[in-house]
Amino acid sequence: MKRYNVAVVGATGTVGSEMIKILEERDFPVDRLKLLASERSTGKELVFRGESVPVEVLDENSFEGMNVGLFSAGGSISERFAPIAARAGCVVIDNTSAFRMDPEIPLVVPEVNPETIGMYEKRGIIANPNCSTIQMVVALKPIHDAARIRRIVVSTYQAVSGAGKRAIEELDTQTRALLNFQEPKIQVLPHIIAFNCIPQIDIFLDNGYTKEEMKMVNETRKIFHDQSIAVTATAVRVPVFYGHSESVNIETEKKITAEEVRKILSRAPGVTVIDSPEGKEYPLAIHAAGGDDTFVGRIRQDESIANGINMWIVSDNIRKGAALNAVQIAEILIRNHL
């Protein structure tokens, strides 16, 4: 089997370290693994396939001889270094929002639109969608194919891991402080997150929506190749460490029943249906954490409109919402294009 040189940018971060773990779990044909991060990580080593791999400082010469680059170090880093990597012949799979809406760069969820991966040849870059978008479109694409979705209303309940390691630590320390009758410190998120919900993820835009909410709107339309789909979103940060949950309401062009949706999703790639109200069985964030699938339940008719369906969608935001999706793209890339 042909083997490939892989660079992980942001290797010491939450998503970067998960990328390394998934490369090993899925036996990706790595010849040489290069781990890249900022100067703060100088001297660190990470383990891959039982061996210690040193973390190197990212610079303009980091990508010589690399075939695939998995980027998850922030938008400004990707904007600077992804084109450099691409010019060096390293195909970049970028986990930031830097290139997602560029019309020349494919925005890919392998279960949904793998055919667009070949577009990478234009710029040498493939974009990984937002974590909350990924799990939603994995569940909705099979329904869209069967009955065409006209409108999506989504409310997200997003884990703190979506905001990085410092947000994970903040939930932990705030929870400990409150349980010990101490004043919690706010350093990362805009308000106390322990025992609280914050209806703001990212900055507010002029239209009153947050940047996170508009990512879901614009990315869904691009992935589905359908600008006519009406999408509206409300994104909320909740005191959960791992696993994003979403309440999703759809209106379809063609009538479809809840039972038909269950059957369609039970056959859909990357989807697990957990939907037994009588047994109090439905997807939970604590069940999705550490898993690879997108879990769907609470599937029911929306009785307020003619062609409406409600559902509850849960997935691990660090795995399928980021690292796993990127590695799956890389697997298709090397199988069909490199």
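Further up the page is the structure itself.
Residues numbered from 1 in each chain as written. Predicted model: local features only at pLDDT ≥ 70, side-chain atom pairs only at ≥ 80, totals over all residues. Heavy atoms only, no water.

K.L.:
Could you give me a rundown of the overall build of the protein, with the residues and numbers involved?
P.N.:
Assigned secondary structure in the protein consists of eight helices and 13 strands. In summary, the protein has a C-alpha radius of gyration of 20 Å against a globular reference of 20 Å for 338 residues, a match within 12%. Along the longest, intermediate and shortest principal axes, the C-alpha atoms of the protein span 60 × 55 × 40 Å. Within the protein, the proportion of its 338 residues that are buried is 54%. Within the protein, contacts between residues at least 6 apart in sequence are counted, and of these 66% link residues at least 24 apart. For the protein, the accessible area works out to roughly 15,200 Å², and carbon and sulfur atoms hold 48% of it. Between the centroid of the 38 positive side chains of the protein and the centroid of its 44 negative side chains there is a distance of 1 Å. (Helix = DSSP H or I, 4+ residues; strand = E, 2+ residues; numbered from the N terminus. Rg over C-alpha atoms; globule rule 2.2 N^0.38 Å. Buried < 20%, exposed > 50% of the residue type's maximum accessible area, 1.4 Å probe, protein only. Contact = heavy atoms within 4.5 Å. Areas by Shrake-Rupley, 256 points an atom, 1.4 Å probe, with all protein chains shown as cover. Lys, Arg positive; Asp, Glu negative; His and termini not counted. Charge placed at Lys NZ, Arg CZ, Asp CG, Glu CD.)

K.L.:
Tell me about the pairing of strand 10 (residues 244-252), and please be specific about residues and values.
P.N.:
Across the nine residues that make up strand 10, a large majority, seven, are buried. Where strand 8 (residues 149-158) meets strand 10, eight bridges bridge the pair, whose relative direction is antiparallel. The residue of strand 10 that forms the bridge with Thr 156 is Glu 246. One ladder, built from eight bridges, connects strand 10 with strand 13 (residues 308-315); its direction is antiparallel. In the sheet register, Glu 246 faces strand 13, and the bridge partner there is Ile 313. (Pairing = 2+ DSSP bridges.)

K.L.:
Report on the packing of helix 3 (residues 131-147) against helix 5 (residues 211-224), specifying residues and quantitative values.
P.N.:
Relative to each other, helix 3 and helix 5 sit at 40°, their axes nearing to 10 Å. As far as their axial angle goes, helix 5 and helix 3 are oblique. The interaxial crossing formed by helix 3 with helix 5 has right-handed handedness. The residues of helix 5 that touch helix 3, namely those facing Ser 132, Thr 133, Met 136, Val 137, Leu 140, Lys 141 and His 144, are Glu 212, Lys 215, Met 216, Glu 219, Thr 220, Ile 223 and Phe 224. Along the lines of polarity and charge, the residues of the contact of helix 3 with helix 5 split into six nonpolar, four polar and four charged. (Axes fitted to C-alpha atoms, helices over the stretch in contact; angles between N-to-C directions. Parallel < 35°, antiparallel > 145°, perpendicular 65-115°, else oblique. Left-handed = near helix turned anticlockwise from the far one by under 90°. Nonpolar A, V, L, I, M, F, W, Y, C, P; charged D, E, K, R; others polar.)

K.L.:
Go over a nonpolar patch on the surface, please, and point to the residues and values.
P.N.:
A cluster of nonpolar side chains, namely Leu 178, Leu 179 and Phe 195, defines an oily patch on the protein surface of about 320 Å² accessible area. Counting through the fold element by element, Phe 195 comes out in the loop between helix 4 (165-179) and helix 5. (Patch = residues over 30% accessible without salt bridge, like charges linked within 9 Å, V, L, I, M, F, W, Y side chains within 5 Å. Salt bridge = Lys/Arg side-chain N within 4 Å of Asp/Glu carboxyl O.)

K.L.:
Explain the sheet that holds strand 10 to me, using residue names and the numbers behind them.
P.N.:
The strand order 9-8-10-13-12-11 describes an open sheet built from six strands, whose pairing is mixed. Of all the strands in the sheet, just strand 9 (230-237) and strand 11 (271-273) have a single pairing partner and so form its edges. Across the sheet, the mean angle separating the axes of adjacent strands is 25° when strand polarity is ignored. Where strand 11 and strand 12 (residues 294-302) come together, three bridges link them in parallel fashion. Opposite Val 273, over in strand 12, you have Val 296 as the bridge partner.

K.L.:
Mind laying out the side chain of Asn 128, listing which residues take part and the relevant values?
P.N.:
For Asn 128, the position within the fold is in the loop between strand 7 (125-127) and helix 3. Exposure remark for Asn 128: the relative accessible area of 0% places this residue in the buried category. Polar side-chain contacts of Asn 128 include one of 2.5 Å to the side chain of Asn 325. With residues up to four places along the chain from it excluded, the contact list for Asn 128 reads Asp 94, Asn 95, Thr 96, Arg 100, Leu 107, Val 108, Ala 322, Asn 325, Ala 326 and Ile 329. (Polar contact = N/O pair within 3.5 Å; in protein donor to acceptor, adjacent residues only side chain to side chain.)

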